[in-house]
Amino acid sequence: MNIRKLINRLPDSVLNARLVCWLFPQFNQTWNDQPQTLAKLARATAKPGWTALEVGSWAGHSSVILGAVAKEAGGRLVCVDWWRGAGEGDRNAIVSSQRDVYRVFWQRVTDHGLADTVVPMRGRSDAVMPFLAGQRFDFIFIDGDHRYEGVKHDIAQAKRLIKPGGTICGHDCEIKPTPDQIPFMRANKDVDAVDKVHCGTVLAVWEAFTDYEIDNGIWVARATDVNRADRREGAP
């Protein structure tokens, strides 16, 4: 069995977090060919001066992908995270108690020659994103708190911050739910994932957009669709 899959089967604990830190000095948030998918989506919108916002950077795996696109375009990537996980009991929160994750993030950024391109903003997204009110971005990638209220908040802020013609997308959206799946999503929206489905993310995205795509586990909404919001909130 793959070592990572074995660790993921263990209950969240300090011992498990120490195993993660020891076995994986630089944690990755995207898997298999998702890095190529994210790079493809970003480059499809890139232009001179391209600016991007990443909500939830953690150890910088996706940050260096987006940062490379920003650097090529002579632009900037703003990274919002508090580098402490999603709260008490969350595996990333336990990992952050054992290791300085921000230091891992910034080392990765500098190792890729992106220190002059990536702009970190340290804090919870609900505290930081309102301060970006005067900014507009060509591309926004959301991979922070996967629970429903967190995703819903980040999407609402992203809609306010996206430029016309830009793209809002995010990680860990496995399916477009059918009507008979919605009760399950709502029942499990406040946990990170159930049966490998991030119910809070799936539900929040489904409620926020009437037209979106899922590409290799990454949900994608174009700027022309972002104002068709919350039409399905309260739908059965």
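So, a few notes on the structure that sits alongside this text. Note that the structure is a prediction, hence the values are computed from the model and not measured.

The rules we used
Residues numbered from 1 in each chain as written. Predicted model: local features only at pLDDT ≥ 70, side-chain atom pairs only at ≥ 80, totals over all residues. Heavy atoms only, no water. Phe/Tyr/Trp six-rings, centres within 6.5 Å; stacked < 30°, edge-to-face > 60°. Helix = DSSP H or I, 4+ residues; strand = E, 2+ residues; numbered from the N terminus. Buried < 20%, exposed > 50% of the residue type's maximum accessible area, 1.4 Å probe, protein only. Lys NZ or Arg CZ within 6 Å of the ring centre and 35° of its normal. Salt bridge = Lys/Arg side-chain N within 4 Å of Asp/Glu carboxyl O. Right-handed = clockwise from strand over helix to strand, strands pointing away. Pairing = 2+ DSSP bridges.

1. Some thoughts on the packing of aromatic side chains
By the definition in use, this model includes six aromatic pairs. Ring centres of tryptophan 83 and tyrosine 102 lie 4.9 Å apart, and the angle between their planes is 80 degrees; this geometry places the pair in the edge-to-face category. Taken as a pair, tryptophan 83 in the loop between β2 (76–81) and α5 (91–98) and tyrosine 102 in helix α6 (residues 101–111) lie far apart in primary sequence, 19 residues in all. Judged by relative accessible area, which is 2%, tryptophan 83 ranks as buried. Residues phenylalanine 105 and tryptophan 106 carry aromatic rings whose centres are separated by 6.2 Å and whose planes lie at 40 degrees to one another, so their mutual orientation is tilted. Pairwise contacts between aromatic rings join Trp83, Tyr102, Phe105 and Trp106 into one cluster. The residue whose ring lies beneath arginine 84 is tryptophan 82, and the NZ or CZ to ring-centre distance is 4.3 Å. The positively charged end of arginine 124 is found above the aromatic ring belonging to tryptophan 82, 5.2 Å away from the centroid.

2. Looking at the pattern of salt bridges
The full count for this structure, using the stated rule, is eight salt bridges. Linking glutamate 213 and arginine 222 is a salt bridge whose minimum nitrogen-to-oxygen distance equals 3.7 Å. A network of salt bridges, in which partner residues are shared, links Lys47, Asp138 and Lys163.

3. Comments concerning the pairing of strand β1 (residues 51–55)
Consecutive side chains along a regular strand alternate between the two faces of the sheet. Here β1 lies mainly inside the structure; five of its five residues are buried. The side-chain alternation of β1 yields two buried faces, one formed by Thr51, Leu53 and Val55 and the other by Ala52 and Glu54. With helix α4 (residues 61–72) bridging β1 and its parallel neighbour β2, the resulting β-α-β unit is right-handed. Relative to strand β4 (residues 137–142), β1 runs parallel, the two being bridged by four bridges. Looking at the pairing, valine 55 lines up with isoleucine 142 of β4.

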